[in-house]
Amino acid sequence: MVFNSFTFLIFIAVVFCVYYFVLNENTKWQNVFLLIASYFFYGWVNWKILSLLIATTVFYYILGIAIENAKEDKKKSLFCTLGIIFGVGSLIYFKYTNFLITSIASLFESLGLHTDWHTFKIILPLGISFYTFRILSYLIDLKLGKYEATKDFLAFATYVAFFPCILSGPIDRPDALIPQLKTKRLFNSDCVLDGLRQILWGLFKKMVVADNIASVTNEIWSNYNLFSGSTLLIGAFLYLFQIYADFSGYSDMAIGVGKLLGFRITINFKYPLFALNIADFWRRWHISLTSWLTDYVFMPLNIKFRNLNNLGIIFSIIITFILIGLWHGANWTFALFGLYHGLLYVPLIVSGMMIKKNRIHINILGLPVIKDFGKMLLTFLLVTFGLIIFRADSIIQFYGYIVHICSPSILSVPKVLGITNVTMLLSVVFILIMLILEWKNRDKEYGLDISSIKYSLLRYCIYFCLFILVYYFGADASSFIYFKF
Amino acid sequence: MLYNQEIMNFGRAEILAKVQEIFRDYLDDEGIVLLDSTTANDVEGWDSLTHIQLVVAAEKAFKIKFTSKEIMSWKNVGEMVDSIQSK
């Protein structure tokens with residue numbers, strides 16, 4: 001069930017009404033209902049994967065209590081390690097088994113050894129990367145003594161399966177969400193309106209900006225050999241806007257749905273298109289994942305190698321980014337994508353720029369000064385290049401795409417066969433609308449947080465226009481890019 | 001050893017003041033004021049990336065060595081100061 005579908009509209013309307021107007025004032029029953037709704041939402045496409053989610057929840061709940069009750073540190077570590085092995089093991093099994101088989105087989109083949117290995121038919125349970133990370137942070141933090149294990153199974157199970165976030169994040173930490181599940185949630189019209197506004201913004205970014213661009217980028221990527229270098233370059237730029245609008249649009253909807261139910265979900269994007277360097281970009285992009293890996297991979301590595309100074313930081317960053325890349329899926333392109341971003345940090349670490357504050361300086365027109373605009377542009381170009389690796393199906397396809405861009409046809413007029421000029425023009429207009437609103441509201445939580453505009457008529461005009469655009473372009477409920485991760 | 005003795009003679013307030021000085025120097029912000037309850041969310045520029053560098057700076061200044069577990073489990077400045085005092 002995707003947020004941008006009619007089915008979800010019915011689902012959330014029913015959930016909202018029962019949650020507030022039938023079960024109002026009763027936190028326990030609200031949580032029971034939220035858990036049932038979350039399982040219904042998760043099992044909607046394939047109810048069989050629900051059993052894995054429930055079994056995993058029970059297992060980690062018991063493990064959490066076991067860590068809490070263990071008196072010796074050794075025992076706590078043992079239980080925690082068991083949980084990590086199980087969690088990472090199931091991720092490896094579902095996501096990487098066939099990748100490992102084919103990679104090792106091709107390594108043997110290249111050494112002249114014949115293998116007769118077969119791959120398996122493994123169905124990847126939706127959202128496994130997201131809920132596994134939620135559970136692992138709970139376990140590791142318990143072991144570190146950051147908080148006590150929750151004895152409330154209902155709150156824990158709802159935290160794991162919380163439907164706004166289960167399919168594609170944000171990856172909320174237990175100490176952020178579980179306490180909210182234990183407090184009273186009453187109907188608050190301001191919170192609900194704020195949620196609706198953020199959902200509208202998410203729908204606009206997903207259905208109007210991202211899906212419109214997708215028709216262009218899909219065409220380019222599926223036949224990249226046929227297009228000129230200039231077209232491929234435009235396609236690469238457009239893909240950055242597409243993936244940003246798609247994923248940040250999803251995150252806005254998830255956070256907005258959370259607000260409808262009275263929850264504060266962790267922020268996932270902080271206007272990464274305005275980043276001044278790569279370190280700044282990653283502080284603003286998919287924040288809940290990068291902060292997770294920073295806390296549980298980068299930090300322990302960096303602590304271990306802290307006496308190596310910059311070398312220790314570089315090593316820890318590169319390992320962390322390769323894992324960020326591979327988290328997206330079983331493909332060498334993702335590993336290369338991670339390595340590329342890790343290497344981009346090296347000059348920042350060596351020059352000390354990594355820890356410098358990144359404040360955008362504004363000129364009298366309210367735009368970034370030339371120097372900062374140049375930094376934004378450079379970051380944009382570096383990220384675009386990285387996304388060519390990310391989007392390619394294989395290293396060979398990435399290489400082919402780059403070779404085509406670097407051909408003399410880069411100087412020709414870009415043209416996408418099968419795509420009308422109107423679609424191209426609309427894509428550019430929608431991107432501009434998104435950029436202008438996000439730039440204007442970059443100190444707010446999301447781009448459509450325009451409550452500071454004094455003229456209510458203007459505010460409602462903007463909402464109405466966006467709603468019309470969503471309605472007009474929202475005929476198809478397309479899936480989200482990050483669902484497959 | 002003599003230095004450790006010196007730390008033992010330090011009161012909590014003095015350790016906290018010295019940690020604050022390290023933070024101000026390293027993050028280049030004279031406006032930073034640390035309390036026992038201060039967390040990374042309260043100090044601009046104190047994130048996971050700068051955290052370890054601040055820890056290394058503190059280790060050098062106090063001539064001590066923290067364990068990995070200690071560093072990972074601090075919830076606020078107060079707990080960091082406790083660790084320094086316990087050395």
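The following paragraphs examine the structure supplied in this document. Counting of residues starts from 1 at the beginning of each chain's written sequence and follows it residue by residue. All chains are assigned letters beginning at A, and all ligands numbers beginning at 1, according to the order in which they are written. At least 70 in pLDDT is required for a residue's local features to be given in this predicted model, at least 80 for side-chain atom pairs to be given and counted, and no such filter applies to totals for whole chains, interfaces and linings, which use all residues. Only hydrogens and water are removed before side-chain values are computed, so all heavy atoms of the structure are retained for them.

## Quick notes on helix H15 (residues 395-405) of chain A
Part 1 of the reasoning: Throughout this description, buried means an accessible area under 20% of the type-specific maximum (1.4 Å probe, protein chains only), exposed means over 50%, and partly exposed covers the range between. Strands are runs of DSSP state E lasting at least two residues, helices are runs of H or I lasting at least four, and both sets are numbered from the N terminus onward. Taken together, the buried positions of H15(A) are A:Gln397, A:Phe398, A:Gly400, A:Tyr401, A:Ile402 and A:Ile405.
Part 2 of the reasoning: Contacts are residue-level and defined by heavy atoms, with any inter-residue pair within 4.5 Å sufficient. Along its buried surface, H15(A) packs onto helix H8 (189-222), helix H9 (229-260), helix H13 (332-351) and helix H14 (370-391) of chain A.

## Here's the deal with a negative patch on the surface
All names here are of chain B.
Part 1 of the reasoning: The patches described consist of residues with a relative accessible area above 30% and no salt bridge, like charges being joined within 9 Å and nonpolar side chains (Val, Leu, Ile, Met, Phe, Trp, Tyr) within 5 Å. Values of accessible area rely on a 1.4 Å probe in the Shrake-Rupley scheme; residue burial ignores everything except the protein chains shown. Any carboxyl oxygen of Asp or Glu that lies within 4 Å of a side-chain nitrogen of Lys or Arg is treated as forming a salt bridge with it. Only four residue types enter the tally: Lys and Arg on the positive side, Asp and Glu on the negative side; His and the chain ends are excluded. Charge positions come from single atoms, namely NZ of Lys, CZ of Arg, CG of Asp or CD of Glu. On the surface, Glu21, Asp25, Asp28 and Glu30 cluster together into a patch of negative charge.
Part 2 of the reasoning: Mapped onto the elements, Asp28 comes out in the loop between helix H2 (12-27) and helix H3 (48-62).
Part 3 of the reasoning: For Asp28, a relative accessible area of 67% corresponds to the exposed category.

## Digging into the packing of aromatic side chains
Residues and elements named next belong to chain A.
Part 1 of the reasoning: Each Phe, Tyr or Trp ring (for Trp, its six-membered ring) is paired with any other whose centre lies within 6.5 Å, and the angle between the two planes then decides the class: stacked below 30 degrees, edge-to-face above 60, tilted in between. Counted by the stated rule, this structure contains 58 aromatic pairs over all chains.
Part 2 of the reasoning: Both rings, one in Tyr20 and one in Phe21, keep their centres 6.4 Å apart while their planes meet at 50°; by these two values the pair is tilted.
Part 3 of the reasoning: Considering the side-chain rings of Phe281 and Trp282, the 5.6 Å spacing of their centres and the 90° angle between planes classify their relative orientation as edge-to-face. Across the pair, Trp282 and Phe281 agree in class, each one buried.
Part 4 of the reasoning: Cation over ring: Lys95 sits above Trp327, and NZ or CZ is 5.2 Å from the ring centre.
Part 5 of the reasoning: Its guanidinium or amino end placed over the ring of Tyr159, Arg134 lies 4.9 Å from that ring's centre, counting from NZ or CZ. Distance and angle both matter: a charge sits over a ring if NZ of Lys or CZ of Arg is within 6 Å of the ring centre and within 35 degrees of the ring normal.

## Topic: the interface of chain B and chain A
Part 1 of the reasoning: With 23 residues of chain B at the contact, the number on the chain A side is 23 residues.
Part 2 of the reasoning: Contact with chain A buries area across many residues of chain B, yet B:Leu49, B:Ile52 and B:Met72 alone supply 33% of it, more than any other trio.
Part 3 of the reasoning: For the interface between chain B and chain A, the tally reads three salt bridges.
Part 4 of the reasoning: With a shortest N-O distance of 3.1 Å, A:Asp73 and B:Lys69 are connected by a salt bridge.
Part 5 of the reasoning: Polar contacts, as used here, are pairs of N or O atoms within 3.5 Å; protein pairs need one atom able to donate a hydrogen and one able to accept it. Residues neighboring in sequence count only if both atoms are side-chain atoms. Across the contact surface, chain B and chain A share six residue pairs in polar contact (both at pLDDT 80 or more).
Part 6 of the reasoning: The dominant element in the side of chain B that touches chain A, judged by the number of residues it contributes, is H3(B), at nine residues.
Part 7 of the reasoning: Gly falls in the polar group here, along with every residue not listed as nonpolar (Ala, Val, Leu, Ile, Met, Phe, Trp, Tyr, Cys, Pro) or charged (Asp, Glu, Lys, Arg). The residue makeup of the side of chain B that touches chain A, split by class, is eight nonpolar, six polar and nine charged. Summed over both partners, buried area is the accessible surface (1.4 Å probe) that two parts give up on being assembled.

## Observations concerning the side chain of A:Ser38
Residue and element names in this part refer to chain A.
Part 1 of the reasoning: Tracing the chain through its elements places Ser38 in helix H2 (residues 27-43).
Part 2 of the reasoning: Judged by its relative accessible area of 0%, Ser38 is buried.
Part 3 of the reasoning: A polar atom in the side chain of Ser38 sits 3.3 Å from the backbone oxygen of Ala161.
Part 4 of the reasoning: Of the polar contacts made by the side chain of Ser38, one reaches the backbone nitrogen of Phe163; its length is 3.1 Å.
Part 5 of the reasoning: When neighbours within four sequence positions are excluded, Ser38 is seen to be in contact with Ala161, Phe162 and Phe163.

## Brief notes about a nonpolar patch on the surface
Part 1 of the reasoning: On the surface, A:Val88, A:Ile92, A:Leu100, A:Ile104 and A:Trp117 cluster together into a nonpolar patch covering about 410 Å² of accessible area.
Part 2 of the reasoning: Classification of A:Ile104 by relative accessible area gives partly exposed; the value is 37%.

## What about the pattern of salt bridges?
Part 1 of the reasoning: If you walk through the whole model with that rule in mind, you get 19 salt bridges over all chains.
Part 2 of the reasoning: Between A:Asp141 and A:Lys146 there is a salt bridge, with the nearest N and O atoms lying 4.0 Å from each other.
Part 3 of the reasoning: Classification of A:Asp141 as buried rests on a relative accessible area of 3%.
Part 4 of the reasoning: Taking the shortest distance from any N to any O, the salt bridge between B:Arg12 and B:Asp82 comes out at 2.3 Å. Linking B:Arg12 in helix H2 with B:Asp82 in helix H5 (residues 77-86), this pair joins segments that are 70 residues apart in sequence.
Part 5 of the reasoning: Residue classification places B:Arg12 among the partly exposed residues on the basis of a relative accessible area of 26%.
Part 6 of the reasoning: Within this structure, A:Asp194, A:Arg197, A:Lys259, A:Arg264 and A:Glu445 form a network of salt bridges that share partners.

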